[in-house]
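Fold and contact review
Now for the letters of each chain:
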Amino acid sequence: MDKKISADEETPVLAPFEQKAPSWVMPSVRILIAGTDMVLAFLSLSIAFGLREGSRWIDTGSLAFSREFLPYASIALLAMPLRAGACWYHSLYSLSGAFSYISEFLKVQKATLTGSLLLIAATFLFRGGFEFRDFSYSRGVFLIDFAIAAGAYSVFHLGLRMFQSFFRRRGLNLKPTLIVGTNKEAERTVEELLKRPELGFRIAGVISTQKGGEVHVIDSGADRSFHRARVIGGLEDLPQLIRELRIEEVIITDDKIPEEFLFETMLTGGRHGKVEFRFAPSLFNSIPQKTNVDQIGVLPVVTLFREPFSESGRLVKRVLDIVVAMISIIALAPLWLLSAIMIKLDSPGPILFRQERVGMDGRIFECLKFRTMRTGSDDSIHRESYQKHIKGGAGDAAGKRGKVADDPRITRVGAWLRRWSIDEIPQLFNVLKGDMSVVGPRPPIHYEVREYDVWHRKRLDIKPGITGLWQVSGRNNLMFEEMVRLDLYYIENWSVWLDLRIMLMTLPAVFRGEGEER
């Protein structure tokens, strides 16, 4: 039974959350922390050298590196960006939200080990440069360096967290947070966050969802409180309150919230507003596959990814895209030339077809393809076909992929280019430019997106791709909703290995002549 909401308790004033520190402070702090990590990396290897070799690493007379240390000097300098990069990869520079000292300690150890492995690999591959290619580096130096770095980074980063907790108890570095629900779970959440400000959350208000077991809306101007936190509105007010109060965290405790409403709120407010959504344990069964199980104090919660990929994941995917695109452009150069000649000889018009497509987050970009249609062709037949396709109409031309049967607009060479998917090769330049990825959902046309339901728009959470999971799982033979589900599965379960597997599976599909329709 939920506690009664009282209007007599003292409540905070409803106003946008304003940080007490200027906006440049936290970026500057992160840069300072990374700089300190780099200094520690250099000192760690230098001290390890002195302990192992019994020699000084610096000549006190000239204040330059000693002769004995010179082979290790370039390694020590290399250790600085490698260890800082490892710390970034393991999220040691993320200073918002809840943390625990145990998880922080484990992240430090992982970052230290990652940095040491990268340093050892670089050392024995490049031997410290041409000048020291025949020098034999001591493995003991690297073992001692790992031990020193592990200790130094643990003391430094755990000490930083202690300082962070000190400032949070004084109202700094807090994330404005909404609690959705007025049940027992909401009560526990409010009490925990108010009792422990060092967790990093400031409750901006509570969103009421319960009244006699039914979801309802409370006037957002109502002066009501819920365990020292003000009830500032109902479900219908949530998207607006997220924007107006500059909310960064939403903790959902009520399992009676309509799924469609929740999904739309997360899609529109969460992604573009940099808002994190967390779910209480009672909602564990209704969450997507790819989530983080975490804790806020003593409260177990599930954090949905604010973005489909982590920063490190996006970096890895981008590097993979650039490498694959550049190799493919060079390897397929003869096919480029042959296709261009055939297009010019077959029909008048440009070689490339340029069309506006909808990319990640709804951004419009110019998609490149080899021209496969006659110049000036009417696109109304394609619009009608896709409307039927998205609505799942009956018939092989209506419900599957929006393909136009016996399309009169396609040229003879165009039909051949489409059959073998050669028309999509110019999209490799879209990949290099950053508008597309090698693997991802198919880039839709703007009039297709206007026909989307809310959950279909989740396809736009990542960059569109030249190939994707649905292309290798059925190509032209999939219903639209099946295609969207495969796209969402890809987004939730992305990995480098999945991308590589899809790329390899695309080749047999292309060789079978199962080209896609634009």
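In this text the structure is predicted, and so the values were computed from the model without any measurement.

Before going further, it helps to examine the overall build of the protein. In terms of regular secondary structure, the protein is built from 15 helices and 14 strands. Taking the intrachain contacts of the protein between residues at least 6 apart in sequence as the baseline, contacts between residues at least 24 apart amount to 74%. Of the accessible surface of the protein, which amounts to about 25,900 Å², a share of 60% is contributed by carbon and sulfur atoms.

On the secondary structure map, glutamate 481 appears in helix α14 (residues 480–492). Classification of glutamate 481 as partly exposed rests on a relative accessible area of 31%. Put simply, glutamate 481 and histidine 456 are 25 residues apart on the chain and 8.1 Å apart in space, counted from C-alpha to C-alpha. With sequence-adjacent residues up to four places away left out, glutamate 481 is seen in contact with Trp455 and His456.

Below, the discussion takes up the pairing of strand β4 (residues 201–208). A large share of β4 lies buried, amounting to seven of its eight residues. Sheet topology note: the strand β3 (residues 175–180)/β4 ladder contains six bridges and is parallel. Its bridge partner lying in β4, lysine 175 is registered against phenylalanine 201. As for the winding sense of the linkage, the β-α-β connection from β3 through helix α5 (residues 184–195) to β4 is right-handed. Of the strand pairs in this sheet, β4 and strand β6 (residues 229–234) are connected by three bridges, and their pairing is parallel.

A separate point is helix α4 (residues 139–168). With 30 residues, α4 ought to run about 44 Å at 1.5 Å a step, and its terminal C-alpha atoms sit 43 Å apart, in line with that. Among the residues of α4, the N-terminal cap falls to serine 138, whose side-chain oxygen and the backbone nitrogen of glycine 140 are separated by 3.3 Å.

With 38 residues, the main nonpolar core has Phe370, Tyr490 and Ile502 as its most contacted residues. Counting only elements with at least two residues in this core, the list comes to α8 (311–331), α9 (333–346), β12 (364–370), α11 (412–419), α12 (427–433), β13 (437–439), α14 and α15 (496–511). No other element matches α14, which puts six residues into this core. Other than its neighbours up to four places away in sequence, tyrosine 490 contacts Lys317, Val439, Gly440, Ile462, Leu469, Leu498, Asp499 and Ile502. In this structure, Phe42, Leu45, Ala84 and Phe142 belong to the second largest nonpolar core, which totals 29 residues.

By the definition in use, this model includes 19 salt bridges. In this structure, the salt-bridge partner of arginine 67 is glutamate 68, at a minimum N-O distance of 3.8 Å. Residue glutamate 68 is classed as partly exposed on the basis of its relative accessible area of 37%. For glutamate 104, the salt bridge goes to lysine 107, with nearest N and O atoms at 3.7 Å. With glutamate 104 and lysine 107 both in helix α3 (residues 101–126), this residue pair falls three residues apart, about one helical turn. Of the residues examined, glutamate 104 reaches a relative accessible area of 1% and is grouped as buried. With relative accessibility at 24%, the residue lysine 107 sits in the partly exposed group. What you see here is one network of salt bridges that share partners, running through Glu192, Lys195, Arg196 and Glu198.

Attention shifts here to the confidence of the model for the protein. For the protein, the average pLDDT comes to 80, and 76% of its residues sit at 70 or higher. The secondary structure element of the protein with the lowest average pLDDT is strand β5 (residues 224–226), at 60, and the one with the highest is β13, at 95. Here residues 1–13 is a poorly scored stretch, pLDDT under 50, and it has 26 contacts once near neighbours within four places are set aside; other chains count. Counted against residues more than four places away or in other chains, residues 212–223, with its pLDDT under 50, gives 31 contacts.

Under the defined criterion, the tally for this structure stands at three cavities of 30 Å³ or more. Considered as a void within the structure, the second largest cavity measures approximately 40 Å³ in volume. Along its surface, the second largest cavity is lined by Ile343, Asp346, Ser347, Arg371, Thr372, Met373, Thr411, Val413, Gly414 and Leu417. Elements with a minimum of two residues in the lining of the second largest cavity: α9 and α11.

Attention now goes to unusual backbone geometry. The backbone of serine 91 shows a phi angle near 65°, a positive value even though the residue is not glycine. Of the residues examined, serine 91 reaches a relative accessible area of 36% and is grouped as partly exposed. Positive phi is not limited to glycine here, since asparagine 173 has a value of about 60°. Take asparagine 173: it is sitting in the loop between α4 and β3. Its relative accessible area of 18% is what places asparagine 173 among the buried residues.

Definitions and cut-offs
- Residues numbered from 1 in each chain as written.
- Predicted model: local features only at pLDDT ≥ 70, side-chain atom pairs only at ≥ 80, totals over all residues.
- Heavy atoms only, no water.
- Helix = DSSP H or I, 4+ residues; strand = E, 2+ residues; numbered from the N terminus.
- Contact = heavy atoms within 4.5 Å.
- Areas by Shrake-Rupley, 256 points an atom, 1.4 Å probe, with all protein chains shown as cover.
- Buried < 20%, exposed > 50% of the residue type's maximum accessible area, 1.4 Å probe, protein only.
- Pairing = 2+ DSSP bridges.
- Right-handed = clockwise from strand over helix to strand, strands pointing away.
- Expected span 1.5 Å × (residues − 1).
- Polar contact = N/O pair within 3.5 Å; in protein donor to acceptor, adjacent residues only side chain to side chain.
- Core = buried A, V, L, I, M, F, W, Y, C linked by side-chain atoms within 4.5 Å.
- Salt bridge = Lys/Arg side-chain N within 4 Å of Asp/Glu carboxyl O.
- pLDDT = per-residue confidence, 0-100.
- 1 Å grid on protein atoms, 1.4 Å probe; cavity = no way out; pocket = protein on both sides within 12 Å on 5 of 7 lines; lining within 4 Å.
- Points joined across faces, edges and corners; volume = space filled by probe spheres on them.

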